[in-house]
Amino acid sequence: MSPNFLIALIILSNFTLVSTSRVNKAIQITVVQGVLLGLIPLAMGLGRHLHILGMVLVAIVVKGWFIPFLLRRAQRQVHIHREIDPYIGYTVSLMLCALGTGLSLILAHMLPLKAGATEILLVPASLSTLFTGFLILVSRRKALTQVVGYLVLENGIYLFGLLLIEEMPVLVETGILLDLFVGIFVMGIVINHIQTAFDSTDTRHLAELKD
Amino acid sequence: MAVLLIALPLLAALAVYWVISPTTRAWMLPVTGTLHLVLVLLALRHWGALPANAWLGLDALGAWVLLVISTLFCICAFYAPSYLALRADRDSRIFCVSLLAFLGLASLLAQARHPGVAWVAMETTTLVTAPLIYFNRNRRSLEATWKYLIIGSVGIALALLGTLFLAYAAHVGGLEEPLHYTRLIQHADLLSRPWLRAAFVLSLVGYGTKMGLAPLHTWKPDAYGETPGIVGALLAGGVTSCAFLALLRIYSVVVAAGEAQFAKELLVGFGILSMTWAMVFLVRQMDFKRMLAYSSVEHMGILVFGIGIGGHAARFALFHLAANALVKSVLFLSAGNIHRSYSAKTLPQVTGAIRRTPVSGWLFLLGFLAITGLPPFAPFISEFNIAAGALTTGHIWAGAAFLVLLAGIFIAMSETVVQVVFGTPSPQRVRTPYSDTAATTAPLIVALCLAGILGMWLPKSMQTLLEHAVITVDGRMPLREVRRVPLAAAIPQAEVPHE
């Protein structure tokens, strides 16, 4: 399987993510994204290195199972099913996401890449996923959907990191995954507190502090 | 030694979780803080140029920042037992664990020799400090915590992307892992320029968010306004210093690669913008804790401004790191005392603090005068020299703007401070049983005295440390080897202009 095929699927999953209002579905898509991300190194033909195999396994477990598990648990505790009335509507989000992806392709074209890395679409896909993450973060009201946006943002960064997977020592990569996992965990706890304090996880309630 | 500095606070954090008595738990903070400070002072004898393949170690820059953070932690830790005794209704377990874990991670960051490790340390400090902001367990502190977490995490994610860009710049240039700072600086000419520039911009935005540079500071007034004063002091002097260090590490690589001009312009721009933004929000600021937050935005601006000017100003920017941390601890802790005494932190309710809590009132006033540049306190020396550095190196407009902003901020802050300290007592005020005690004021007096002493006299060994820290920031390798060597050989080298 060509890595570009997996990358195309990830970009498609970005589009699905910005146009869905159901929180359940959004979490399912993060599972798909996590697994696809994890599989890319194998598609790049790096499966012979033992430490990369280890990374693949850890990434799939953390991004494809553990973090979605935490998100689901948070969702069950706070009982939200739909993102209602986002700051930016779904159609507009979808168009913005498409625009961002187009711009990412142009931007990636302008940066010098190491010989041999040009035919894989990692850089444009990474920029496009980053953009999607930002879009979700700023356009949604529910704390849980914002965390999904943060996760997608991190996925974009991880995609870029795959350019360097042969060079990055395992220690640093595991550190990054661990941080992501703990970060989402802490955010999950805070969401739970928001639910108890405000009886809702709508971040519109979090607007008391201002000048 | 390197490992011990990190392990001691982390082990203490682990131990404090199992301690049942709240008093013992609280007293573990000053004990660990003192031990850590002693270890740092011992380690200061050994700092020096490190082998290129070391993962951990203290160079001059790291040693200076760690010394500042450890001193600040010690001051806050001695304040903590009396504070926690006043808040006996709250469970202090997570609070103590988070404080100690922060100290351990700051030690890791100061000693990290690899950008990835430094990033992991910075990210983890964000996470361990989040529960500290939520200590008061009400809606307002929850909102502040959420903003701190989300904005801080996005900032730190951008810093990670910057770190990856830096690694890719090296990869394109044919430089492979492990990319320790020493190797990156030694082989800086190999780095790919477009990727390196992008890496610096992302790191500046990312770590700048953690420092609280305008316009990325939006979490800061909320977080500082809602946390206990002790946490505000640690965030304003400790976490921001950590982020500043992480940024300086990347900056030194950029300078070594000959891209100094580009980086410096950005830093001066962010510095002036932060100071301007802070001044606008300081005018008629009714909430004195938010006022301190904007003052912190201003001082982060001063730090990057000084580094951006370079040379003499850069040296005093590093000095300002210590001056800011010490005076901010006085301000935040005394503000915490006043807040406690009035059970309010906004202006119509809080006036005439000098009569109700004379010691805290005086400390708040002196802290304000010190931070805005009254001699002989340390911030005067640094602010004066940064301005002088800017004016004497041809940055006339930047230097003039810097001075005008300092004056404007002094006027804006003085209005609020004078009313809080001297104003006629308002009829709406609430009477609480709190009054100043030796335990809640002595650490502040020590911090203020330290700031006064630093303004007049800096020990010779500290001067050497600062000289070498500036050389490190400028992307050169300090000549001092791991053991003491005659400094006469090292210092003239430091004055050769780096082009």
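Quick caveat, the model's predicted, so the values are computed rather than measured.

Draft legend 1. How the structure looks around the overall build of chain B. A count of helical and extended segments in chain B gives 20 helices and zero strands. In terms of overall dimensions, chain B has a C-alpha envelope of 70 × 55 × 45 Å along the principal axes. Counting over 499 residues, chain B shows a buried share of 67%. Here chain B has roughly 16,200 Å² of accessible surface; of this, 69% comes from carbon and sulfur atoms. On chain B, the mean spot of the 33 positive side-chain charges and the mean spot of the 22 negative ones are 10 Å from each other.

Draft legend 2. Fine view of the interface of chain A and chain B. With 45 residues of chain A at the interface, the matching set in chain B holds 44 residues. Interface area for chain A against chain B, summed over the two sides, is near 4,100 Å², with a carbon-plus-sulfur share of 74%. Joining chain A to chain B, the criterion identifies one salt bridge. Salt-bridge contacts for Arg140 of chain B lead to Glu208 of chain A; the nearest nitrogen and oxygen are separated by 3.1 Å. Where chain A packs against chain B, one counts eight residue pairs in polar contact (both at pLDDT 80 or more). Counting only elements with at least two residues in the side of chain A that touches chain B, the list comes to helix 5 (122–139), helix 6 (143–162) and helix 7 (170–198) of chain A. In terms of residue count, helix 7 of chain A provides more of the side of chain A that touches chain B than any other element does, 15 residues in total.

Draft legend 3. Seen up close, unusual backbone geometry. In this structure, Pro215 of chain B follows Ala214 of chain B across a cis peptide bond, with omega equal to 0 degrees. When you line up the elements, Pro215 of chain B lands in the loop between helix 8 (193–211) and helix 9 (219–226). Of the consecutive residues Pro375 of chain B and Pro376 of chain B, the connecting peptide bond is found in the cis state with omega at 5 degrees. Within the chain, His79 of chain A stands out as a residue other than glycine whose phi angle is a positive 50 degrees. Note that His79 of chain A resides in the loop between helix 3 (50–78) and helix 4 (90–110). With phi around 55 degrees, Arg137 of chain B is a residue other than glycine that occupies positive phi space.

Draft legend 4. Looking closely at the confidence of the model for chain B. All names here are of chain B. Here chain B averages 91 in pLDDT, while 95% of its residues score no lower than 70. Taken together, the stretch residues 481–499 has pLDDT below 50 and engages in 24 contacts with residues farther than four places along the chain or on a different chain. The complex model carries a pTM of 0.93, and its ipTM stands at 0.93.

Draft legend 5. Molecular detail of the nonpolar core. Residue and element names in this part refer to chain B. With 264 residues, the main nonpolar core has Trp146, Phe200, Ile307, Leu318 and Phe364 as its most contacted residues. Here this core gets 20 residues from one element, more than from any other, and that element is helix 6 (residues 139–172). Aside from chain neighbours lying at most four places away, what touches Phe364 is Phe288, Met291, Leu292, Leu331, Ser334, Ala335, Ile338, Val417, Val420 and Val421.

Draft legend 6. How the structure looks around the state of the cysteines. Residues and elements named next belong to chain B. Evaluated as defined, the whole model comprises zero disulfides over all chains. We note that Cys242 lacks a disulfide partner, and the nearest cysteine sulfur, in Cys76, lies 13 Å from it. Cys242 gets classed as buried once you look at its relative accessible area, which sits at 1%.

Draft legend 7. Quick look at helix 8 of chain B. Taking 1.5 Å per residue, 19 residues should reach 27 Å; helix 8 of chain B reaches 26 Å between its end C-alpha atoms and fits that length. A positive backbone phi angle near 90 degrees is found at Gly212 of chain B, which sits one or two residues after helix 8 of chain B.

Draft legend 8. Looking closely at the packing of aromatic side chains. All told, the structure shown has 23 aromatic pairs over all chains when counted by the stated rule. Geometrically, the ring pair formed by Phe160 of chain A and Tyr168 of chain B is edge-to-face, given 5.8 Å between the ring centres and 70 degrees between the ring planes. Remark: Tyr168 of chain B occurs in helix 6 and Phe160 of chain A occurs in helix 6; the pair is interchain, linking two chains. Accessibility classification places Phe160 of chain A together with Tyr168 of chain B in one group, the buried group. Members of the aromatic cluster, connected to one another through ring pairs, are Phe160 of chain A together with Phe165, Tyr168 and Trp195 of chain B. Arg141 of chain A extends its terminal NZ or CZ atom over the ring of Tyr87 of chain A, reaching a point 4.0 Å from the ring centre. Above the ring of Tyr17 of chain B, the side-chain terminus of Arg93 of chain B is found at 5.3 Å from the ring centroid.

How each quantity is defined
Residues numbered from 1 in each chain as written. Chains lettered and ligands numbered in written order. Predicted model: local features only at pLDDT ≥ 70, side-chain atom pairs only at ≥ 80, totals over all residues. Heavy atoms only, no water. Helix = DSSP H or I, 4+ residues; strand = E, 2+ residues; numbered from the N terminus. Buried < 20%, exposed > 50% of the residue type's maximum accessible area, 1.4 Å probe, protein only. Areas by Shrake-Rupley, 256 points an atom, 1.4 Å probe, with all protein chains shown as cover. Lys, Arg positive; Asp, Glu negative; His and termini not counted. Charge placed at Lys NZ, Arg CZ, Asp CG, Glu CD. Contact = heavy atoms within 4.5 Å. Buried area = accessible area lost by both parts, 1.4 Å probe. Salt bridge = Lys/Arg side-chain N within 4 Å of Asp/Glu carboxyl O. Polar contact = N/O pair within 3.5 Å; in protein donor to acceptor, adjacent residues only side chain to side chain. pLDDT = per-residue confidence, 0-100. Core = buried A, V, L, I, M, F, W, Y, C linked by side-chain atoms within 4.5 Å. Disulfide = S-S within 2.5 Å. Expected span 1.5 Å × (residues − 1). Phe/Tyr/Trp six-rings, centres within 6.5 Å; stacked < 30°, edge-to-face > 60°. Lys NZ or Arg CZ within 6 Å of the ring centre and 35° of its normal.

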